[in-house]
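Understanding the architecture of this molecule
Residues per chain are reported as follows:
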Amino acid sequence: MMAETHVLFVEDDDVIREATQLALERAGFVVTAMPDGMSGLDAFRADRPDIALLDVMVPGLDGVSLCRRIRDESTVPVIMLSARADSIDVVLGLEAGADDYVTKPFDGAVLVARIRAVLRRFGHASGGQPGNGEPEPQPVGGVLVFGDLEIDTEGMAVHRGGEQVALTPTEMRLLLEFSAAPGTVLSRDKLLERVWDYGWGGDTRVVDVHVQRLRTKIGQDRIETVRGFGYKLRP
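Now for a look at the structure at hand. Worth saying up front: this structure is predicted, and the values here are computed from it rather than measured. (Residues numbered from 1 in each chain as written. Predicted model: local features only at pLDDT ≥ 70, side-chain atom pairs only at ≥ 80, totals over all residues. Heavy atoms only, no water.)

1. Description of the pairing of strand S8 (residues 157-160)
Quick note on the threshold: DSSP-based pairing: two strands are paired if at least 2 bridges between them are found. Put simply, DSSP H or I for four residues or longer makes a helix, DSSP E for two residues or longer makes a strand, and each gets a number counted from the N terminus.
Across four bridges, strand S7 (residues 149-152) lies against S8 in antiparallel orientation. Its bridge partner lying in S8, Glu150 is registered against His159. Hairpin geometry of S7 and S8 is characterised by an intervening segment of four residues between the two adjacent antiparallel strands and by a positive phi of about 55° at Met156. Looking at chain direction, S8 and strand S9 (residues 163-165) are connected through three bridges and run antiparallel. The residue bridging Val158 from the neighbouring strand is Val165, located in S9. Connecting S8 to the next strand, S9, in antiparallel fashion are two residues, including Gly161 with a positive phi near 60°.

2. Description of the environment of Arg194
To keep it simple, the criterion reads: Within 3.5 Å is the distance limit for a polar contact, defined as a pair of N or O atoms, with the added protein rule that one can donate a hydrogen and the other accept it, and that residues adjacent in sequence qualify only through two side-chain atoms.
Here Arg194 lies in helix H7 (residues 188-195). For the pair formed by Arg194 and Arg173, sequence separation is 21 residues and the distance between their alpha carbons is 8.8 Å. A polar contact is formed between the side chain of Arg194 and the side chain of Glu177, at a distance of 3.4 Å.

3. Topic: the sheet that holds strand S6 (residues 143-146)
Rule in force here: Angles run from 0 to 180 degrees between N-to-C directions of axes, and those axes are lines fitted to C-alpha atoms, restricted for helices to the stretch in contact.
Taken together, four strands build an open sheet; the order of strands is S6-S7-S8-S9 and the sheet is antiparallel. Looking at which strands have only one partner, the edges of the open sheet turn out to be S6 and S9. Adjacent strand axes in the sheet meet at a mean angle of 25°, parallel and antiparallel pairs treated alike.

4. Some points on the pairing of strand S10 (residues 223-226)
Across four bridges, the pairing between S10 and strand S11 (residues 230-233) is antiparallel. In the sheet register, Val226 faces S11, and the bridge partner there is Gly230. Counted between consecutive antiparallel strands, the loop separating S10 from S11 contains three residues, among which Gly228 sits at a positive phi close to 85°.

Just geometry here; none of it tells us what the structure is for.
In structure tokens, the structure reads:
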């Protein structure tokens, strides 16, 4: 039996924090709920949760800054909560290292589904439920080489010019999708389905920001934008 999944939830609104904590606990998660960024950072360092759920607008250390602090120390998955779908805070949160975001107000069942989708990508159990004991399938074939970029698909390591590149699990999954079909254009919707496990439509800004983050690490010219269609990895 796998251990229950621990969620760090940072939200300053008392009503939202308590109602969401209750919904997550009913879904089988263990929840540590904090009202501000600094207490959230302290809880993260003390408890090392499996996933962090951060509201953008929290007092003290705001959610975006908290996400950056967490990302400096860990690759733990992070979901941002934003009150406006068109807010610049969404992009700022993703650029800070968040793996996904959910727009407020949200339905509790939808939030649980999004959390479980992120956890599946990271290989965690969902809501305290045991896994099937089988590892997620990974691309095989050893080391793939694209110019100065080397991708070890078995060891899950990336080197550029001989130097190791630190990628988050979401960035690694994105790169693996590109490297599995170099030269093939992958649409944003297809990447949302394969990398973010979205069986429904999602915000393609998640893809765009992660592609840009990946470019800064592996080379701006390595991933090409095909206008109107998507992205492809240059062989």
